[in-house]
2 protein chains.
Amino acid sequence: MDLPPATAAFVLHFGEMGSRWGINRTVGQIYALLFLSDRPLCADDIVAQLGFSRSNVSMGLKELETWRLVKLQHLPGDRREHFTTPDDVWQIVRILAEERRKREIDPTLSLLRDVLMQKPATRADEHAQGRMENLLEVISLLTGWMDDVKSLPDERLIALLKLGGRVARVLEATERFQDIVTRRNRPSKKA
Amino acid sequence: MDLPPATAAFVLHFGEMGSRWGINRTVGQIYALLFLSDRPLCADDIVAQLGFSRSNVSMGLKELETWRLVKLQHLPGDRREHFTTPDDVWQIVRILAEERRKREIDPTLSLLRDVLMQKPATRADEHAQGRMENLLEVISLLTGWMDDVKSLPDERLIALLKLGGRVARVLEATERFQDIVTRRNRPSKKA
DNA sequence: CAGTATGTTCAGGAATTTCTGAAAATCAAG
DNA sequence: CTTGATTTTCAGAAATTCCTGAACATACTG
């Protein structure tokens, strides 16, 4: 591997990171290389740069395609398949969020819903189902939020993120104001 | 494993999910069992319920402790160590977010910053560094948002999530209104 | 059609990770 | 200090995952 040092460092790091997720090291490296490249790469380019076997690269690219993380394209006058990543990092974030949701969250939600249909048989069962209900509620809220912001254009999403928790603080102030106006006390721990 | 069916289904599912992340199957199952249990469990309880070797359970609990996902406690009159998960699912979400950040995001940010200090040597290098800058910006924004909402109390966080993208739409409306007031056109693609 | 370039599949070897049992360490209680 | 209960460690067995090379498939070219 005779990559420029910056690229090499990134590729290696990404490989390690990949293996902390479901993705294996070589697939992570292939993706990182494509992400940094200033032109579409074909399988042989990747073999040349990373030194994996041709078949490994082929399988890695296949996997990245199932994740929709790379796009196949043909260069004029070249029969070989070339691959790129989307230019826009926000686009990549959106795709990742969608794919992980499809693969991890949705099956979990469906399992929780199935299980919660059953009648608890024992006291312990009842407790367990209560826990699963809590979990279902939290996951639903989080994914609901994701669904909601997903439809925003990038600039809006960015603005929203920059706003951060301030929105909530405005909400809080408003509520406090309302309490004053309506002469109620701020809600105590109990009420 | 003679668990009630709802618990068994959840434990097995969680094990599989765990292995899609860095966590291995047995550790995932141990965690799921503790999460559902209505009382603290000791290592031998877990051995009895899941059928792993004692030493495997011991190591699994160690790993869960490093993730701060389980808490050790002692029951009166029992010398054995017992384990629980936090009662509050939001608390669990917060811990997970912090730990993953510490283990995955922070090292990535520091690598990107390091690499971006170097002067690009070639045109391709320059492009690669540009990509890394884009990535750094996106990650910074996302983690900045997380830092910001992390400090909100649960109820505020929940309110914020329920609000979803509506905040952004209010923002947009406001901006459009401002454009009208100041007699500017809505910003075009170019300007 | 033959020949060549390109892409895919897959059996099995290599590497890694997981899991276990046995031994060692720790610790409370007598 | 000794005993027994509990937990930890760790070498290596077992299981899993990864990777490769060779064979095969496909499709373009002349």
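Residues numbered from 1 in each chain as written. Chains lettered and ligands numbered in written order. Predicted model: local features only at pLDDT ≥ 70, side-chain atom pairs only at ≥ 80, totals over all residues. Heavy atoms only, no water.

So, the domain arrangement of chain A
Residues and elements named next belong to chain A.
Piece 1. Structurally, chain A comprises domain 1 (5-84), domain 2 (88-151) and domain 3 (153-191).
Piece 2. Computed from C-alpha coordinates alone, the two centres of domain 1 and domain 2 are separated by 31 Å.
Piece 3. Tallying the contact residues gives 7 residues for domain 1 and 8 residues for domain 2.
Piece 4. A combined buried area of about 840 Å² lies between domain 1 and domain 2, and 60% of that area is made up of carbon and sulfur atoms.
Piece 5. Across the domain 1-domain 2 interface, the total number found is 2 salt bridges.
Piece 6. Two residues, E99 and R68, come together in a salt bridge whose shortest N-O distance is 2.8 Å.
Piece 7. Linking domain 1 to domain 2 there are 3 residue pairs in polar contact (both at pLDDT 80 or more).
Piece 8. Of the residues belonging to the side of domain 1 that touches domain 2, the class tally is 5 nonpolar, 1 polar and 1 charged. (Domains from an automatic or database assignment. Contact = heavy atoms within 4.5 Å. Buried area = accessible area lost by both parts, 1.4 Å probe. Salt bridge = Lys/Arg side-chain N within 4 Å of Asp/Glu carboxyl O. Polar contact = N/O pair within 3.5 Å; in protein donor to acceptor, adjacent residues only side chain to side chain. Nonpolar A, V, L, I, M, F, W, Y, C, P; charged D, E, K, R; others polar.)

Some details on the packing of aromatic side chains
Piece 1. Scanning the entire structure with this criterion turns up 9 aromatic pairs over all chains.
Piece 2. With a centroid separation of 4.9 Å and an interplanar angle of 20°, the aromatic rings of A:W145 and B:W145 are classed as stacked. With A:W145 in helix α6 (residues 123-150) and B:W145 in helix α6 (residues 123-150), the pair connects residues from two separate chains. A single burial state applies to A:W145 and to B:W145, both of which are buried. (Phe/Tyr/Trp six-rings, centres within 6.5 Å; stacked < 30°, edge-to-face > 60°. Helix = DSSP H or I, 4+ residues; strand = E, 2+ residues; numbered from the N terminus. Buried < 20%, exposed > 50% of the residue type's maximum accessible area, 1.4 Å probe, protein only.)

A short note on the relation of the copies chain B and chain A
Piece 1. Once chain B has been moved 0.0 Å along the axis and rotated by 180°, it coincides with chain A to within an RMSD of 0.1 Å. In the structure described here, the two chain copies are related by an operation that fits a two-fold rotation axis. Considering only C-alpha atoms, the residue of chain B closest to the rotation axis is B:W21, which sits at 2.4 Å.
Piece 2. Of the residues that chain B buries at the interface, 100% are likewise interface residues in chain A, meaning the two copies contact each other through the same surface. (Least-squares fit on C-alpha atoms with pLDDT ≥ 70 in both.)

Remarks on the protein's contact with DNA strand C
Piece 1. Contacts to DNA strand C come from 16 residues, most closely from A:K62, A:E81, B:T26, B:S53 and B:S55.
Piece 2. Counting only atoms of DNA strand C within 4 Å of the protein, the fraction found in sugar and phosphate groups is 77%.
Piece 3. The side chain of A:K62 places a nitrogen or oxygen atom 2.2 Å from a phosphate oxygen of DNA strand C.
Piece 4. Listing elements by their share of the surface near DNA strand C, those giving two or more residues are α4 (54-66) of chain A together with α2 (25-36) and α4 (54-66) of chain B.
Piece 5. By residue number, the principal contributor to the surface near DNA strand C is α4(A), which donates 5 residues.
Piece 6. The class makeup of the residues in the surface near DNA strand C is 2 nonpolar, 7 polar and 7 charged. (Near = heavy atom within 4 Å.)

Looking at the packing of α6(A) against helix α5 (residues 89-117) of chain B
Piece 1. The N-to-C vectors of α6(A) and α5(B) enclose an angle of 55°; their axes lie 9 Å apart at closest approach. In terms of axis orientation, α6(A) runs oblique to α5(B). Only B:V89, B:W90 and B:V93 of α5(B) make contact with α6(A), whose side of the interface consists of A:N134, A:L135, A:V138, A:L141 and A:L142.
Piece 2. A per-class count over the contact of α6(A) with α5(B) returns 7 nonpolar, 1 polar and no charged. (Axes fitted to C-alpha atoms, helices over the stretch in contact; angles between N-to-C directions. Parallel < 35°, antiparallel > 145°, perpendicular 65-115°, else oblique.)

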